[in-house]
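Residues per chain, in single letters:
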Number of protein chains: 2
Amino acid sequence: MWGDFMKTAYQHADFFTMNRDNQIFVNGMMIVEDQIISYIGPYSADLLEEADQVVDLGGKWVLPGLVNTHSHVLMTILRGIGDDMLLKSWLETKIWPIEAKFTSEIATVSAQLGILEMLKSGTTTFSDMFNPNGIDADAAMEVIGETGIRGAFSYSIFSFGTEKEQKANLLGAEKFSKTYKSFADGRLTTMVAPHSPYTCTPETLVESARIAIENALMVHIHVSETDFEVSDIKNRYGVRPVEHLRRLGLFDQPTVMAHGVVLNDEERAILKQYDVRVAHNPISNLKLGSGIADVVSLLDTGIKVGIATDSVASNNNFDMIKETRTAALLQKGVYKDATKFSAQTALHLATRGGAEAIGMSHTGSLETAKKADFITIYPFDKAHLQPLSEAYSHLLYAASGHDVCDVYIDGKLIVKDGSCLTIDEEKVIAEVNRLQANLSRVD
Amino acid sequence: MWGDFMKTAYQHADFFTMNRDNQIFVNGMMIVEDQIISYIGPYSADLLEEADQVVDLGGKWVLPGLVNTHSHVLMTILRGIGDDMLLKSWLETKIWPIEAKFTSEIATVSAQLGILEMLKSGTTTFSDMFNPNGIDADAAMEVIGETGIRGAFSYSIFSFGTEKEQKANLLGAEKFSKTYKSFADGRLTTMVAPHSPYTCTPETLVESARIAIENALMVHIHVSETDFEVSDIKNRYGVRPVEHLRRLGLFDQPTVMAHGVVLNDEERAILKQYDVRVAHNPISNLKLGSGIADVVSLLDTGIKVGIATDSVASNNNFDMIKETRTAALLQKGVYKDATKFSAQTALHLATRGGAEAIGMSHTGSLETAKKADFITIYPFDKAHLQPLSEAYSHLLYAASGHDVCDVYIDGKLIVKDGSCLTIDEEKVIAEVNRLQANLSRVD
């Protein structure tokens, strides 16, 4: 297979490593061996000599693949449905009723469309949560495996329906989590995903924690997204969501909390103590009127944070560069302090930081022994990326996912000059429009 | 000349008119006659028959050209300089010292690069303010005229330097404002632009008002951008900036105020009373740590608002779709109410509303008797614009300037399938990099 067991040298490019020292190798070199980066640094004629294959990147900018720490790719067909609505009514009157009509075909085509968009805009690793209702999760996983993306795919657990239905949901989640713990050459894994404290009973949350612990899996859950949720949980259980989950033992296993918009100091201290990570979804939080997470305080408390898009039904795209830029801009604006959340911090969270937050520290930076997951940008003919001298700034503040040229995962070329090699783009786009027409007809 | 005195029918496209009723003509038709829209509506075989020329738009989405109500295109070469800095130190230690080294060559190449980016991302009309120090404003205007863009170009007035220098600055501004009041087939005009209440003495502001009144020109000024500015003006003059300017008579002439981040109810009432318009720069305000303007209250007060990018040194690009989306998202997030600032409102401000705010109501919507300024998007092969059924939502929430395909101004094709026909892209990009290298060497 292309890229395996061969020594490939990538040269004639500027490498933005996103390593701890934020090193940049202008006109540097990277060697990839058996899917792994074996060298990253200055150009070396000797190393070039030893390579089986040399790729001339034509002066492009190279950075690690972006890491989207919270998404729902199976909802991609719902893009643009129910704009300008609040989370609760949006979920209850739009999203869930339509999801109830989902078929396996809709789910797999949605996944392909979403991943197509992710890959083309430079995301190489994602952590996704899907609603398994009425769909064939095995088929979805098969399709996701074929796209070449890396990530964790989590089967949502809800306390909806009869007791029997709830049991079946938990059994399904446990089986799925085990079956796909390592899938698609190890690129894909699973997490255990109780949907949220407001859609899961305490019993369900305890059971979710058990599944995570017994199978050594991370937990992925929506928490503290809105003021309404916090007061709702307080009304039901007498404590705020973070304390509620802590008491139920959910945080005994490494947990990724999506959102964390409504948190106080005490809760941040708990998150730090239990090493709970936060997937920050700035655009979705704005769009649904949930608010703006205090990411500066999260980072100051020492909590691991990643950037995320959420689904395109509340975003409405999967552009991680745009998302990361929005994250940086928001903190500056809310703090009225332009020095907060520097470009370095932002790009760190979109790459290595995000990878670490979702337990995938084998990717997210261009460093020796890491997976060869990287993307390229060709800036020379792009007005909005001039002058070239300020490349680092442009990566965050001026670029977007549309500027991504090539995408490599495990050293394998997945997107070449803007075209995805693993997904039939034309077919997926045609299918999604055909299926959407049916879906809205039934509605 | 192409498009003049000919009847051109545009068909096979979905027309998003952005008129008062937000009409959309799916597979509609538009007739352009002598630079003006003479028909927009459903497909008509009879009208098609009468046309001298028929353009098949291949199913594209068509919308009015976007209107950027506040920019500084001559600063485009400074993109990426001084990120993560507060406005005051950013201006005083970065921007102004580098601008002091500007030459006419730098200014004109910067303008070309900036307008190239604007045009390619769908902006057809802009209102710009430039620092005339050391540059040949006539040469800049000549170059801007050649790009084909529509807009107002304003010569900044500052109370800097000796009395003689200040007089020369005012004389220069007055001469420029008069000379170019109608330029480049009437596409370009001028405004009178005292930079801000904190860089202009009361005498200079009074003189600026006189020039505006005597020449029947609008005023363009930065106001109430930061908390610091408001307390600074209060310390100097005993009143906040809006009252300060009102007393000096600046608002006696229609005025566009850039920013308006720090305003109270009393000030909004004054703005409404004097029909002062606000150019809202959400990204620049975030990036410089200035804060988030309360646009919902501005609109509720009945104040005209447009969307703007500011310069790319504090943005860092000219993408008006991205900017407009950010404007909408911010109000939802700050109000914690997703129903605020709908997609309709946002797109209105980016088009017709913005045009009205800067006194250019002859553009900004696809309506009979308006200028034929329009842009197209080809969505069919773009993953992030699927499903196609939700086009209106995608225009704001999923698209970006990169999706713009063709751009027409005065019925003339300016950007064709992503390539600008009026600017030598390759040359401008090469020049800007050469000049930037010199500029930073001297620094």
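Within each chain, residues carry numbers counting from 1 in the order of the written sequence. All chains are assigned letters beginning at A, and all ligands numbers beginning at 1, according to the order in which they are written. Totals for whole chains, interfaces and linings use all residues, but because this is a predicted model, local features are given only for residues with pLDDT of at least 70 and pairs of side-chain atoms are given and counted only at 80 or more. The side-chain values count all of the structure's non-hydrogen atoms but skip hydrogen atoms and water molecules.

Student: For this particular structure, what's the right way to read the overall build of chain A?
Tutor: The number of helices and strands found in chain A is 16 helices and 17 strands. Against the compact-globule benchmark of 22 Å for 443 residues, chain A has a radius of gyration of 21 Å, which places it among compact chains. Reported as C-alpha extents along the three principal axes, the dimensions of chain A are approximately 65 × 45 × 40 Å. Type-normalised accessible area, obtained with a 1.4 Å probe on protein chains alone, sets the label of each residue: buried when under 20%, exposed when over 50%, and partly exposed for intermediate values. Looking at chain A as a whole, 67% of its 443 residues are labelled buried. The contact criterion used throughout is that any non-hydrogen atoms of two residues lie within 4.5 Å. The contacts of chain A with a sequence gap of at least 6 include a subset with a gap of at least 24, amounting to 75%. With an accessible surface of roughly 14500 Å², chain A has 50% of that area assigned to carbon and sulfur atoms. Asp and Glu are treated as the negative residues and Lys and Arg as the positive ones, with His and the ends of the chain left uncounted. One atom stands in for each charge, and that atom is NZ of Lys, CZ of Arg, CG of Asp or CD of Glu. Between the mean site of the 40 positive side-chain charges and the mean site of the 58 negative ones, chain A shows a separation of 4 Å. In this description a helix means any DSSP run of H or I spanning at least four residues, a strand means any run of E spanning at least two, and both kinds are numbered starting from the N terminus. Every radius of gyration here is taken over C-alpha atoms, with the globule rule written as 2.2 Å times N^0.38, N being the number of residues. Exposure was quantified through the Shrake-Rupley algorithm and a 1.4 Å probe, taking into account, for residues, occlusion by the shown protein chains and nothing else.

Student: What exactly am I supposed to notice about the packing of aromatic side chains here?
Tutor: Aromatic rings in a pair are described by how distant their centres are and how their planes are angled relative to each other. All names here are of chain A. Pairing of aromatic side chains requires ring centres within 6.5 Å, counting the rings of Phe and Tyr and the six-membered ring of Trp. Pairs whose planes differ by under 30 degrees are stacked, by over 60 edge-to-face, and all others tilted. A complete count under the given rule lists 34 aromatic pairs over all chains for this structure. An angle of 85° between the planes, with centres 4.9 Å apart, marks the rings of Tyr 180 and Phe 183 as edge-to-face. Like Phe 183, Tyr 180 is buried. Through a chain of ring-to-ring contacts, three or more aromatic side chains come together here, namely Phe 130, Phe 153, Tyr 155, Phe 176, Tyr 180 and Phe 183.

Student: In this structure, what is going on with a negative patch on the surface? I would like to understand it.
Tutor: On the surface, a cluster of negative charge is made up of A:Asp136, A:Asp138, A:Glu142 and A:Glu146. Tracing the backbone through its elements, the reader meets A:Glu146 in helix α4 (residues 137-147). Two joining distances apply to patches: 9 Å for like charges and 5 Å for nonpolar side chains (Val, Leu, Ile, Met, Phe, Trp, Tyr), and every residue must have over 30% relative accessible area and no salt bridge. Note on definitions: salt bridges are taken to be side-chain nitrogens of Lys or Arg within 4 Å of carboxyl oxygens of Asp or Glu.

Student: Could you clarify how one ought to interpret the interface of chain A and chain B in this entry?
Tutor: You'll often see interface size given as the accessible area lost when the parts meet. Taken together, the contact pairs 61 residues of chain A with 61 residues of chain B. Taken together, the links from chain A to chain B amount to four salt bridges. A salt bridge links A:Asp84 to B:Lys332, with the nearest nitrogen and oxygen atoms 2.7 Å apart. Elements with a minimum of two residues in the side of chain A that touches chain B: α3 (104-120), α10 (282-287), α12 (320-335), α13 (343-350), α15 (391-397) and α16 (425-442) of chain A. By residue number, the principal contributor to the side of chain A that touches chain B is α12(A), which donates seven residues. When the residues that make up the side of chain A that touches chain B are grouped by side-chain class, the tally is 25 nonpolar, 21 polar and 15 charged. Each residue gets one label: Ala, Val, Leu, Ile, Met, Phe, Trp, Tyr, Cys and Pro are nonpolar, Asp, Glu, Lys and Arg are charged, and the others, such as Gly, are polar.

Student: Hey, could you run me through the environment of A:Leu171 in this one?
Tutor: Its location among the elements puts A:Leu171 in helix α5 (residues 163-179). With a relative accessible area of 60%, A:Leu171 lands in the exposed category.

Student: I would appreciate a short explanation of the nonpolar core in the present structure.
Tutor: In globular proteins that are soluble, nonpolar side chains generally tend to be buried together. By nonpolar core is meant a set of buried Ala, Val, Leu, Ile, Met, Phe, Trp, Tyr and Cys residues that side-chain atoms within 4.5 Å join together. Core analysis: the biggest nonpolar cluster contains 240 residues, and A:Leu78, A:Phe153, A:Leu271, B:Leu78, B:Phe153 and B:Leu271 have the highest contact counts within it. With residues near it in sequence (within four places) discarded, B:Leu271 still touches B:Val242, B:Phe251, B:Met257, B:Leu263, B:Val276, B:Val278, B:Leu298 and B:Ile303.

Student: Is there a simple way to think about the packing of helix α3 (residues 104-120) of chain B against helix α4 (residues 137-147) of chain B in this case?
Tutor: Between two packed helices, both the angle of their axes relative to each other and the distance between the axes serve to describe the pair. All names here are of chain B. Only the contacting stretch of a helix is used when fitting its axis, a line to C-alpha atoms as for every element, and angles between N-to-C directions run 0 to 180 degrees. Here α3 crosses α4 at 25°, and the two axes come no closer than 9 Å. Taken as axis vectors, α3 and α4 run roughly parallel relative to one another. Relative to α4, the crossing made by α3 is right-handed. Contacts between α3 and α4 involve Thr 108, Ala 111, Gln 112, Ile 115 and Leu 119 from the former and Ala 139, Ala 140, Val 143, Ile 144 and Thr 147 from the latter. Residue classes in the contact of α3 with α4 are distributed as seven nonpolar, three polar and no charged. Orientation labels follow simple angle bins: below 35 degrees gives roughly parallel, above 145 gives roughly antiparallel, 65 to 115 gives roughly perpendicular, and whatever is left gives oblique. Each crossing gets its handedness from the near helix: less than a right angle anticlockwise from the far helix is left-handed, clockwise is right-handed.

Student: Whenever I open this one, the UniProt feature "domain: Amidohydrolase-related" (unreviewed entry) in chain A confuses me. Can you help?
Tutor: UniProt positions are given in the numbering used here, feature names are shortened, and annotations may be inferred rather than shown by experiment. Under the UniProt annotation, "domain: Amidohydrolase-related" (unreviewed entry) lies at residues 61-413 of chain A. Between the C-alpha atoms that bound residues 61-413 of chain A the distance is 16 Å, and the span itself is 42% helix and 18% strand.

Student: Quick question: what am I supposed to make of the UniProt feature "binding site: substrate" (unreviewed entry) in chain A here?
Tutor: All names here are of chain A. In this numbering, the UniProt entry assigns the feature "binding site: substrate" (unreviewed entry) to Glu 99, His 195, Glu 225 and Asp 310. For Glu 99, the position within the fold is in helix α2 (residues 87-99). Mapped onto the elements of the fold, Asp 310 is located in the loop between β13 (305-307) and α12. Residue Asp 310 is classed as buried on the basis of its relative accessible area of 6%. Those residues in contact with Asp 310, other than ones at most four positions away along the chain, are His 70, Ser 71, His 72, His 259, Asn 281, Ser 284 and Phe 318.

Student: What should I look at first to understand the pattern of salt bridges in this one?
Tutor: Counting across every chain of the model gives 56 salt bridges over all chains. Between A:Glu174 and A:Lys178 there is a salt bridge, and its shortest N-O distance comes to 3.7 Å. Taken together, the residues span about one helical turn, with A:Glu174 and A:Lys178 both in helix α5 at a distance of four residues. Its relative accessible area of 46% is what places A:Lys178 among the partly exposed residues. Ionic pairing is found between A:Asp227 and B:Lys336, a salt bridge with its closest N-O pair at 3.0 Å. One end of the pair, A:Asp227, is in helix α7 (residues 227-237); the other, B:Lys336, is in the loop between α12 (320-335) and α13 (343-350), on a second chain. Classification of A:Asp227 by relative accessible area gives partly exposed; the value is 39%. Looking at B:Lys336, the relative accessible area reads 36%, which means it is partly exposed.

Student: Can you help me understand the domain arrangement of chain A in this one?
Tutor: All names here are of chain A. Once the domains are mapped, chain A shows domain 1 (7-64 + 366-420) and domain 2 (66-357). Measuring from the centre of the C-alpha atoms in domain 1 to the corresponding centre in domain 2 gives 29 Å. Of the residues lining the interface, 27 residues belong to domain 1; the matching set on domain 2 comes to 28 residues. At the boundary of domain 1 with domain 2, total buried surface from both sides reaches about 2400 Å², with 63% on carbon and sulfur atoms. Per-residue buried area on domain 1 facing domain 2 is highest for Leu 396, Tyr 397 and Ile 409; these three make up 27% of the total on that side. Our enumeration of links across domain 1 and domain 2 arrives at three salt bridges. For the salt bridge of Asp 373 with Arg 150, the shortest nitrogen-to-oxygen distance reads 2.7 Å. Under the rule applied, a polar contact is a pair of N or O atoms within 3.5 Å (in protein, one hydrogen donor and one hydrogen acceptor; residues adjacent in sequence only if both atoms are side-chain atoms). There are six residue pairs in polar contact (both at pLDDT 80 or more) connecting domain 1 and domain 2. Of all the secondary structure elements, the ones that give two or more residues to the side of domain 1 that touches domain 2 are α15, β15 (404-409) and β16 (412-416). For the side of domain 1 that touches domain 2, the class distribution of residues is 15 nonpolar, six polar and six charged. Domain borders in the structure are assigned automatically or taken from a domain database. Accessible-area loss on putting two parts together, using a 1.4 Å probe and summing over both, is the definition of buried area adopted here.

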